[in-house]
Amino acid sequence: MNKFSHLARRCDKLIFASALALSLIGLFTQFAISRTETTFLSGEVLIQSAALIIGLAAAAVILMQGYRYFIEPDKLIYIASIVLLLLVYVPGLGASAGASRSWIAIGPATFQPSEVVKIAFVLLMASHLSRRGGRGEQDHFACGDVVRASLYGLPFILLVAKEDFGSGCVFCAIWIFMVFCSGLELKIIGRFALVLTALLPMIYFFMAGYQKDRIDAFLSPEDLDLPGNYQVWNSKVAIGSAGLFGRGLYPGTQSRLGFLPVPESDFIFAATVESLGFVGGAAVIVLFGLLIYRSLKITRYAKDLQGALTAAGITGMFFFQAFENIAMTMGLMPVTGITLPFMSSGGSAMVSAWMGVGLLLSVSCRQRL
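A. Just the overall build of the protein, in detail. Counting its regular elements, the protein contains 15 helices and 3 strands. Surface summary for the protein: the accessible area is close to 17400 Å², and the carbon and sulfur share equals 69%.

Take a look at the structure:
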């Protein structure tokens with residue numbers, strides 16, 4: 001207990017406060033949109049509350065043990081993560097949600113393995129990339145290092161993107177952040193960006209039909225007949241009609257009457273603005289901004305390369321998910337199934353997000369002065 005108290009005093013308290021505030025705002029929004037005359041607390045709110053408690057406990061365990069403790073068994077984590085992602089294809093165990101088969105059904109409960117594997121992916125990449133040497137070295141990554149890092153992360157990206165393209169993009173964002181923070185030369189970054197841009201038409205060709213529809217809808221936002229545009233239009237109505245302080249516990253027509261699609265998950269930001277108004281939406285953006293800023297600071301002052309890479313991976317995950325989810329509700333990005341960290345409904349996502357916070361806190365309390 002004394003060790004935990006000592007570590008808790010040293011860790012970045014703004015990271016914890018921002019994450020907790022976002023989690024509570026998400027719980028309030030889900031309570032508001034699920035509340036009826038006959039139901040005070042819905043099952044989704046209870047599950048999310050339980051997931052928050054489990055996530056806090058997981059963050060405390062990670063803080064106590066330290067990030068290095070979870071990086072060392074990298075080979076075991078690699079094999080376990082691949083097996084976990086393959087379990088969704090086991091008949092009777094894997095379950096479908098929407099157009100993707102990315103869930104594992106255990107009795108009445110469901111579990112999304114890709115959420116936990118995100119954290120495992122960060123740890124594995126930190127282990128792999130830090131083998132080059134200690135923090136502060138003058139040498140930089142060469143093309144061969146980029147290729148090896150690509151091959152290391154490719155199985156995860158392919159397995160996840162096959163069933164859930166949005167989660168696959170999150171894995172790519174994690175990879176990019178971590179490789180960049182490893183010391184990749186700027187000229188190699190430029191070449192990599194050019195290659196990726198050249199491959200975009202090919203990536204579109206291999207997308208599923210519903211994924212192509214979302215891209216087409218994003219490029220033609222005025223056509224409400226295209227799948228996805230009607231959802232975004234209702235999301236804009238929910239955000240634009242909320243006013244300064246929103247409707248509180250009495251959601252507007254978009255959430256209450258079902259015009260806003262999946263308001264508890266994909267469009268949780270629009271539902272939050274409808275309940276809490278411009279003030280609530282601005283507070284969410286500021287809290288995410290504070291979380292990302294402090295995470296970047298932790299990355300900069302990490303004690304060693306493993307800590308810096310771990311913090312960079314978690315920062316990339318939070319930044320990309322928050323940016324994509326909030327932007328898509330305003331029509332600034334294509335619609336995807338990417339959840340908003342700490343706020344979207346889903347026990348797996350909540351626990352995974354708090355595991356990421358635990359890693360950030362672990363790195364922060366052991367950082368260089």
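B. Broad picture of the pattern of salt bridges. Inspection of the entire model under this criterion finds 3 salt bridges. Where Arg 68 meets Asp 304, a salt bridge forms, and the shortest distance between an N and an O atom there is 2.4 Å. Here Asp 304 lies in the loop between helix 13 (268–300) and helix 14 (305–329) and Arg 68 lies in helix 4 (residues 67–71), a separation of 236 residues in the sequence. For Asp 304, a relative accessible area of 15% translates into the label buried. A salt bridge links Glu 115 to Lys 118, with the shortest nitrogen-to-oxygen separation between them at 3.2 Å.

C. Layout of unusual backbone geometry. Unlike most non-glycine residues, Phe 342 shows phi in positive territory, near 70 degrees. Mapped onto the fold, Phe 342 is located in the loop between helix 14 and helix 15 (347–364).

D. Region of the structure containing helix 15. With 18 residues, helix 15 extends 26 Å from end C-alpha to end C-alpha; this agrees with the ideal 26 Å at 1.5 Å per step. In terms of residue burial, helix 15 counts as a mostly covered element, since 17 of its 18 residues are buried.

E. Representation of a nonpolar patch on the surface within the structure. A contiguous nonpolar patch, built from Ile 176, Phe 192, Val 195, Leu 196, Leu 199, Leu 200, Met 202, Ile 203, Phe 205 and Phe 206 and spanning about 950 Å² of accessible area, is present on the exposed surface. For the nonpolar patch, the leading source of residues is helix 9 (residues 186–205), giving 8 residues. With respect to the element layout, Phe 206 can be found in the loop between helix 9 and helix 10 (209–219).

F. View of the state of the cysteines. Summed over the entire model, instances satisfying the criterion amount to 0 disulfides. Free cysteine: Cys 11, not disulfide-bonded; nearest cysteine sulfur from Cys 365 at 6.3 Å.

G. Quick look at empty space enclosed by the protein. Within this structure, the stated rule accounts for 2 cavities of 30 Å³ or more. The wall of the second largest cavity is formed by Glu 115, Lys 118, Met 317, Phe 318, Gln 321, Thr 339, Pro 341, Ala 349, Ser 352 and Ala 353. Those elements giving two or more residues to the lining of the second largest cavity turn out to be helix 6 (113–130), helix 14 and helix 15. Partitioned by chemical class, the residues of the lining of the second largest cavity number 5 nonpolar, 3 polar and 2 charged.

Scoring rules and cut-offs
Residues numbered from 1 in each chain as written. Predicted model: local features only at pLDDT ≥ 70, side-chain atom pairs only at ≥ 80, totals over all residues. Heavy atoms only, no water. Helix = DSSP H or I, 4+ residues; strand = E, 2+ residues; numbered from the N terminus. Areas by Shrake-Rupley, 256 points an atom, 1.4 Å probe, with all protein chains shown as cover. Salt bridge = Lys/Arg side-chain N within 4 Å of Asp/Glu carboxyl O. Buried < 20%, exposed > 50% of the residue type's maximum accessible area, 1.4 Å probe, protein only. Expected span 1.5 Å × (residues − 1). Patch = residues over 30% accessible without salt bridge, like charges linked within 9 Å, V, L, I, M, F, W, Y side chains within 5 Å. Disulfide = S-S within 2.5 Å. 1 Å grid on protein atoms, 1.4 Å probe; cavity = no way out; pocket = protein on both sides within 12 Å on 5 of 7 lines; lining within 4 Å. Points joined across faces, edges and corners; volume = space filled by probe spheres on them. Nonpolar A, V, L, I, M, F, W, Y, C, P; charged D, E, K, R; others polar.

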